[in-house]
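Architecture at a glance
Chain by chain, the residues run as shown.
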Amino acid sequence: MKLCEQIDALIERQLRDWTLVRDNYAALEHLAMRSVSLAHSEVILQHNPERRRSSAARVDAASLAARQCFLCREHQPAEQEAVEWGGAYKIQVNPYPIFPAHLTIASLTHEPQRLLPRRIDQMLQLSEELPDWVLFYNGPRCGASAPDHMHFQAGCKGFMPLCDDVLDPTLWPEDEHIEAASDGFIGFTQKLDRPLFFIRCESKPLASFYMARLQMAMMLATGSTDEPMQNVLCWSDGDYYNVVVFPRAKHRPDCYGQGEGQLLLSPASVDMGGVWTVASKRDYDTLTAEQIQSLYDEVCADNATIVRIIDFFHQT
Ligand SMILES: [Zn+2]
């Protein structure tokens, strides 16, 4: 059976047999959503109280050491099934969804969240085998709620507005590509209200090559010896592999919190992709386009850093 068929069957079984999953996916259908217009793009707010556990997750070393890892098999509920892939990952239904269909794709072993070169290739391969899904990756300091256990996630296509917005060809005139070949390009744009790199290639090796060089350039530009701060979306459509990389500057905005004047928002890939999951009713009711724009501005890399990244990309 093809991987996408195994996943469809997994979802069907988990919805049938696991009450928590059935209840949480049913609840998702009734969540309040509203659209907010930024200067050049639309974002959607989703009031999702269940995501408080993720938005408010403590991800410092001491808190991680003190908790049981929810991606390790021995701490998962008996009802939680998995489809293994590539001898390296288990694909599972996320019991606390944002998307109408939401997967967690976790390493079979407990090892740190890092987008190593082989994992870039695995992500591209998975995008090909899961053509109805958008894969995403949250850096360990950019929204991952389990930075100690390597995992991707995937959401059904058609949910994050950015995945359609970014395909607008007028954003990518040939003379503005960072680099291009006959079978793909890498470019950069600010025109969707947050900075992003976009790789669109017919060739998987070329997409992987651009992505590996971008990782190196981001590390050099930020003086980081560790992985660059980033959120990544990856999907395939027809003959193309698509990868969007949001370069980040901050894990959480300065206004992060649950007190007066604070916002309980911890932006990660899905928020970057244009769906803000808002745990607090007060935040959901009051968030403005100006606030969302300033959150993007605050947590994403600034212009000077972007210029350095592109310079280093050309040198790698
Ligand atoms: Zn673990």
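Notes on the structure in this doc start here. (Residues numbered from 1 in each chain as written. Predicted model: local features only at pLDDT ≥ 70, side-chain atom pairs only at ≥ 80, totals over all residues.)

Below, the discussion takes up the nonpolar core. Residues Leu135, Ile199, Ala207, Leu214, Val232, Val243 and Val244 are the most contacted members of the largest nonpolar core, which totals 79 residues. It is helix α7 (residues 204-222) that contributes the most residues to this core, eight residues altogether. Beyond its immediate sequence surroundings of up to four residues, Val232 is in contact with Leu115, Phe136, Tyr137, Val243, Val244, Val245 and Ser269. (Core = buried A, V, L, I, M, F, W, Y, C linked by C-beta atoms within 7 Å. Buried ≥ 20, exposed ≤ 12 C-beta atoms within 10 Å, placed from the backbone. Helix = DSSP H or I, 4+ residues; strand = E, 2+ residues; numbered from the N terminus. Contact = placed C-beta atoms within 7 Å.)

Turning next to the sheet that holds strand β2 (residues 42-47). Sheet architecture is open: three strands sit in the order β1-β2-β13, paired in mixed fashion. Edge positions in the sheet fall to β1 (33-37) and β13 (275-278), since each of these pairs with one other strand and no more. Each strand of the sheet is rotated relative to its neighbour by a mean of 25°, with strand direction disregarded. (Pairing = 2+ DSSP bridges. Axes fitted to C-alpha atoms, helices over the stretch in contact; angles between N-to-C directions.)

Take the pairing of strand β11 (residues 230-237) next. As a general feature of sheets, a regular strand has side chains that alternate between the two faces. Among the eight residues of β11, seven are classified as buried, and the element is accordingly described as predominantly covered. Bridge count for strand β6 (residues 133-138) against β11 is four bridges, and the pairing is antiparallel. When the bridges of β11 are listed, Asn138 appears paired with Asn231. Strand direction decides the pairing type here: β11 and strand β12 (residues 240-247), joined by eight bridges, are antiparallel. Bridging from a neighbouring strand, Asp237 pairs with Tyr240 of β12. Between the end of β11 and the start of β12, which pair antiparallel, lie two residues, with Gly238 showing a positive phi angle near 55°.

In this section: helix α5 (residues 117-129). The terminal C-alpha atoms of α5 lie 19 Å apart, and with 13 residues this matches the ideal 18 Å at 1.5 Å per residue to within 8%. What α5 keeps buried is the set Ile120, Gln122, Met123, Leu124, Leu126 and Ser127. Of the surrounding elements, those touching the buried residues of α5 are β5 (102-107), β6, β7 (151-156), α7, β11 and β12. (Expected span 1.5 Å × (residues − 1).)

Let's shift gears to the packing of α5 against α7. Contact pair α5 / α7: the axes reach a minimum separation of 10 Å and the direction vectors enclose 140°. Classed by the angle they form, the pair α5 and α7 counts as oblique. With respect to the hand of their crossing, α5 and α7 are arranged in right-handed fashion. Along its contact with α5, which presents Pro117, Ile120, Asp121 and Leu124, the element α7 presents Lys204, Ala207, Ser208, Met211 and Ala212. Residues that form the contact of α5 with α7 fall into these classes: six nonpolar, one polar and two charged. (Parallel < 35°, antiparallel > 145°, perpendicular 65-115°, else oblique. Left-handed = near helix turned anticlockwise from the far one by under 90°. Nonpolar A, V, L, I, M, F, W, Y, C, P; charged D, E, K, R; others polar.)

Let us now look at the packing of α7 against helix α11 (residues 303-315). Contact geometry of α7 with α11 gives a least axis separation of 8 Å together with a crossing angle of 130°. By the criterion of interaxial angle, the relationship of α7 to α11 is oblique. Pair α7 / α11 crosses with right-handed handedness. Where α7 approaches α11, its residues Arg213, Leu214, Ala217, Met218, Leu220, Ala221 and Thr222 are matched on the opposing element by Thr305, Arg308, Ile309, Phe312 and Phe313. Grouping the amino acids of the contact of α7 with α11 by side-chain chemistry returns eight nonpolar, two polar and two charged.

Take the environment of Arg118 next. Within the fold, Arg118 resides in helix α5. Separated by 90 residues in the primary sequence, Arg118 and Ser208 place their C-alpha atoms 9.3 Å from one another.

Further remarks concern the sheet that holds β12. A sheet is described by the order of its strands in space; here 10 strands give the open sequence β3-β4-β5-β7-β6-β11-β12-β10-β9-β8, paired in antiparallel fashion. Each edge of the open sheet is held by one strand with a lone partner, namely β3 (83-85) and β8 (179-181). For this sheet, the mean inter-axis angle between neighbouring strands, taken without regard to orientation, is 20°. Sheet analysis places strand β10 (residues 196-201) next to β12, joined by five bridges and oriented antiparallel. Opposite Cys201, over in β12, you have Tyr241 as the bridge partner. Against the sheet, α5 engages β5, β6, β7, β11 and β12, with an angle of about 40° to β11.

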